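So you can see what is in the structure, the chains are spelled out below.
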Amino acid sequence: MTDRYGLDQLSFSDLLDFLLTLHEEGVIRERDVGGLPLRRGDIDITLTWLEKTAYRSGFGDVVADGWQGLMKTFGEDMVKKWTQIIKGRQGAWDPRISGLGTNEFAQLVYPRGPNAESGGSGLYTLNQPIDAVRTHAERMGWTKEQIDRAFGSPLKVNVGRLTTSSESWLALFNSLGICNRHVNNRFYHISIISELYSAATGVELSPQQLMKYADRVWNLFKMINVRQGFSRENDQPPDMWFEPIRTHDGKDIFMMDYYKTKRLTREDLDHWLNDYYDERGWDIEKGIPTKEKLTELGLKDLIPDLKKVKI
């Protein structure tokens, strides 16, 4: 039905789950949503909400505007208290459950907001041996110096630095029309990508040249945000990440690093954001590309847009 209505299934499910949760917690009543029923596990009720949303009928008009619509109705503070909102979108990965790997961290810095793709090349599956992660970093075109920086961490891996490799890998695969799912991209190597590109196009590009193009793609992608005034302020983790999840048996689950050795604080994530920007060669304070970086990548025409970010 979501396909027939042209709605995103995951987004709609998250929005409805938010309303159902507020009702279960006694925060809202059915009269607060125009009398629409709020009961979990009833397919007829779900389809009713879906139709109301698709046709912007009644409270469905609010849901149709997504999280921005719910923020206008219930207030930004309430929405952020009950959901992990990043850049106005619901997070796809909760680090309190899985640990903070590249999937989870990438949600903060991905230009179009949280999703399931940009960090999926680094630490997609749980509990990967550190040697396997290092091997994949080399496979994704990283130099020895970059690998040493990313894996010289007391927590075994610096997630901020490693995330940039996943993003560049995604940029390459998207540019070449290759599926970037982890189950697929781990069978490629940057040297193979280089050979395939050269064979298909007749244009000889070395692995190093391809990585520079990937870097260029990502900086161009980021500059779309910069043009709209986005800065480091928009890359901050949601407050919910720092609150425990209470399990059914009364235990509290806190956000940990990928290898589950340390409970993470805001300072830890702030440090990894610094390292992420540093690895990309960006302005650490503003969280955006520098004039020098754009010049290096042949994007000098975009330098005037840097002035649109105010700190």
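Since the structure is predicted, the reported quantities are computational estimates derived from the model, not experimental observations.

Before going further, it helps to examine the overall build of the chain. Regarding its fold elements, the chain presents 16 helices and four strands. For 311 residues, the compact-globule formula gives about 19 Å, and the C-alpha radius of gyration of the chain, at 21 Å, lands near that figure. Here the chain holds 311 residues, and 47% of them are scored as buried. Counting only contacts in the chain whose residues sit at least 6 apart along the sequence, the fraction spanning at least 24 positions is 58%. Counting every atom, the chain has about 16,000 Å² of accessible surface; 49% of that belongs to carbon and sulfur. Separation of charge centres in the chain, based on 41 positive and 45 negative side chains, amounts to 2 Å.

For Pro-129, the location among the structural elements is in the loop between helix H8 (102-109) and helix H9 (130-139). Along the primary structure Pro-129 and Glu-145 are separated by 16 residues, whereas in three dimensions their C-alpha atoms are 20 Å apart.

So, on to a nonpolar patch on the surface. Taken together, the side chains of Met-1, Ile-43 and Leu-47 define a hydrophobic patch exposed on the protein surface, amounting to about 270 Å² of accessible area. When you line up the elements, Leu-47 lands in helix H3 (residues 43-54). Leu-47 gets classed as partly exposed once you look at its relative accessible area, which sits at 33%.

This part is about the pattern of salt bridges. Any two side chains of opposite charge can pair, so long as their charged atoms come close to each other. Applying the stated criterion to the full structure yields 26 salt bridges. Of the charged contacts, one joins Asp-17 and Arg-40 as a salt bridge, the two residues approaching to 2.6 Å between their closest N and O atoms. With Asp-17 in helix H2 (residues 9-24) and Arg-40 in the loop between H2 and H3, the pair connects residues that are 23 residues apart, well separated along the chain. Residue Arg-40 is classed as partly exposed on the basis of its relative accessible area, which comes to 40%.

Here we take up the packing of helix H13 (residues 190-201) against helix H14 (residues 207-227). One can describe the packing of H13 onto H14 by two numbers: an axis separation of 9 Å at closest approach and a directional angle of 90 degrees. The angle between the axes of H13 and H14 places the two elements in the roughly perpendicular class. Mapping the contact onto sequence places Ile-190, Ser-191, Ile-193 and Ser-194 in H13 and Pro-207, Leu-210 and Met-211 in H14.

The next subject is the packing of aromatic side chains. Counted by the stated rule, this structure contains 15 aromatic pairs. Consider the rings of Phe-105 and Tyr-276, whose centres lie 6.1 Å apart with planes at 55 degrees: the pair is tilted. Placement of Phe-105 in helix H8 and of Tyr-276 in helix H15 (residues 266-280) is noted, with a sequence separation of 171 residues between them. This pair shows no difference in class: Phe-105 is buried, exactly as Tyr-276 is. Among the aromatic side chains, those forming a connected cluster through ring pairs are Phe-105, Tyr-276, Tyr-277 and Trp-282. Sitting over the ring of Phe-254, Arg-263 keeps its end group 3.7 Å from the ring centre.

Turning our eyes to something else, we now look at the nonpolar core. Counting residues in hydrophobic clusters, the biggest one holds 42 residues, and the most contacted among them are Phe-105, Phe-151, Leu-162, Leu-172, Trp-241 and Leu-269. When residues of this core are traced back to their parent elements, those giving at least two are H8, H9, helix H10 (144-150), helix H11 (159-176), H13, H14 and H15. With residues near it in sequence (within four places) discarded, Leu-162 still touches Thr-102, Leu-123, Val-133, Ala-137, Trp-142, Ala-150, Phe-151 and Val-157.

This brings us to the environment of Asp-301. Tracing the backbone shows Asp-301 in the segment after helix H16 (291-296). By relative accessible area, which is 76% here, Asp-301 ends up exposed. For Asp-301 and Thr-261, which are 40 residues apart along the polypeptide, the C-alpha to C-alpha distance reads 45 Å.

So, on to the layout of surface pockets. Size it by volume and the largest pocket reaches roughly 540 Å³. Considering the residues around the largest pocket, the lining is formed by 24 residues, among which Asp-8, Leu-10, Ser-11, Phe-12 and Asp-14 are closest to the centre. Broken down by secondary-structure element, the contributors of at least two residues to the lining of the largest pocket are H2, H3, helix H5 (66-74) and strand S2 (89-90). Counted by class, the lining of the largest pocket contains 12 nonpolar, eight polar and four charged residues.

Attention now moves to the side chain of Asp-94. Relative to the elements of secondary structure, Asp-94 occurs in the loop between S2 and helix H7 (95-98). Of the residues examined, Asp-94 reaches a relative accessible area of 15% and is grouped as buried. The residues touching Asp-94, leaving out its near neighbours within four places in the chain, are Gln-84, Glu-104 and Ile-245.

Criteria and cut-off values
- Residues numbered from 1 in each chain as written.
- Predicted model: local features only at pLDDT ≥ 70, side-chain atom pairs only at ≥ 80, totals over all residues.
- Heavy atoms only, no water.
- Helix = DSSP H or I, 4+ residues; strand = E, 2+ residues; numbered from the N terminus.
- Rg over C-alpha atoms; globule rule 2.2 N^0.38 Å.
- Buried < 20%, exposed > 50% of the residue type's maximum accessible area, 1.4 Å probe, protein only.
- Contact = heavy atoms within 4.5 Å.
- Areas by Shrake-Rupley, 256 points an atom, 1.4 Å probe, with all protein chains shown as cover.
- Lys, Arg positive; Asp, Glu negative; His and termini not counted.
- Charge placed at Lys NZ, Arg CZ, Asp CG, Glu CD.
- Patch = residues over 30% accessible without salt bridge, like charges linked within 9 Å, V, L, I, M, F, W, Y side chains within 5 Å.
- Salt bridge = Lys/Arg side-chain N within 4 Å of Asp/Glu carboxyl O.
- Axes fitted to C-alpha atoms, helices over the stretch in contact; angles between N-to-C directions.
- Parallel < 35°, antiparallel > 145°, perpendicular 65-115°, else oblique.
- Phe/Tyr/Trp six-rings, centres within 6.5 Å; stacked < 30°, edge-to-face > 60°.
- Lys NZ or Arg CZ within 6 Å of the ring centre and 35° of its normal.
- Core = buried A, V, L, I, M, F, W, Y, C linked by side-chain atoms within 4.5 Å.
- 1 Å grid on protein atoms, 1.4 Å probe; cavity = no way out; pocket = protein on both sides within 12 Å on 5 of 7 lines; lining within 4 Å.
- Points joined across faces, edges and corners; volume = space filled by probe spheres on them.
- Nonpolar A, V, L, I, M, F, W, Y, C, P; charged D, E, K, R; others polar.

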